[in-house]
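Observations on the model geometry
The chain contents come next:
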Amino acid sequence: MKPRLATSADAQELVRLRNLMFEALSPPSDVDWQIRCAAAFADRLKRDPALAAFVIGDGTHHLLACAVGEYASRLPSPGSAAPHIGHVHSVVTEPSHRHRGLGSACLTALMRWLAEHDCSHVQLRASAEGQGLYSRLGFQVVADVQMAWRARPCDE
């Protein structure tokens, strides 16, 4: 099966697959995120050339696998003058369709798309289950310290 570029009509199915990923990591307590995410997919897949999702479906409107990512502008640095950096947001395959190469095909298509958009490198956060796939596709564990800062909600 060959991946295709997702459209805004795929928004609900992309959210459904993304929810499978989050539930596997730890069930989300925020139930409204899916509504916000579907709206973001529908809008951004229509108007944002920096976001792409590659999907494989079952021939109906049901998606079996996806890889979602985007690129952002970056400043030149030693060793790279490339104007963009890529980020993979999610790679998900329906549990009943795993280990058939669907996720790999979607991610390979996304990586090709990111390379076509002059990304110097691509980052992602890997689950233990996905690490083998990412390693096979050339991703390497980076020894950098990852840190995050989260803004407080406006109502605090």
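Right above here is the structure, for reference.
In this text, all values refer to a predicted model and were calculated from it rather than measured experimentally. (Residues numbered from 1 in each chain as written. Predicted model: local features only at pLDDT ≥ 70, side-chain atom pairs only at ≥ 80, totals over all residues. Heavy atoms only, no water.)

1. Quick notes on helix α1 (residues 11-25)
For the record, the criterion: Think of it this way: any DSSP run of H or I at least four residues long counts as a helix, any run of E at least two long counts as a strand, and we number them from the N terminus. A helix is expected to reach a length of 1.5 Å times the quantity of its residues less one. Here the term buried applies to any residue with accessible area under 20% of the maximum for its type, exposed to any over 50%, and partly exposed to those in between, with areas from a 1.4 Å probe on protein chains only. Contact between two residues is taken to exist if any of their heavy atoms lie within 4.5 Å; hydrogens are not considered.
Helix length check: α1, at 15 residues, gives a terminal C-alpha distance of 21 Å against a target of 21 Å (1.5 Å per residue), a fit within 8%. Taken residue by residue, α1 has A11, E13, L14, V15, L17, R18, N19 and M21 as its buried positions. In the core, the buried residues of α1 are packed alongside α2 (33-47), β2 (51-57), β3 (63-73) and β4 (84-93).

2. Quick word on the environment of A38
Among the structural elements, A38 can be located in helix α2. Taking C-alpha positions, A38 is 20 Å from S26, a pair spaced 12 residues apart along the chain. Residue contacts for A38: discarding those within four places in its chain leaves A11, Q12 and V15.

3. Focus: the layout of surface pockets
Note the threshold: Lining residues are those with an atom within 4 Å of a point, where the points come from a 1 Å grid over the protein atoms alone and group into cavities, where a 1.4 Å probe fits but cannot get out, or pockets, open sets with protein on both sides within 12 Å along at least five of seven lines. Grid points are joined across faces, edges and corners, and a volume is the space filled by probe spheres set on the points. By the convention adopted, Pro, Cys, Tyr, Trp, Phe, Met, Ile, Leu, Val and Ala count as nonpolar, Lys, Arg, Asp and Glu as charged, and the other residues, Gly among them, as polar.
Considering only enclosed or pocket space, the largest pocket measures out at about 1,500 Å³ in volume. Lining of the largest pocket is provided by 42 residues; of these, L124, R125, A126, S127 and Y134 occupy positions nearest its centre. Where the lining of the largest pocket is concerned, the elements lending two or more residues are α1, β4, α3 (102-116), β5 (119-123) and α4 (131-136). Top contributing element to the lining of the largest pocket by residue count: β4, with 7 residues. Counted by class, the lining of the largest pocket contains 17 nonpolar, 18 polar and 7 charged residues. Each pocket or cavity is described by its volume, and for the second largest pocket that value is around 150 Å³. Considering the residues around the second largest pocket, the lining is formed by R18, R36, C37, A40, F41, R44, L51, V68, E70 and H89. When residues of the lining of the second largest pocket are traced back to their parent elements, those giving at least two are α2 and β3. Among the elements that make up the lining of the second largest pocket, the one with the highest residue count is α2 (5 residues).

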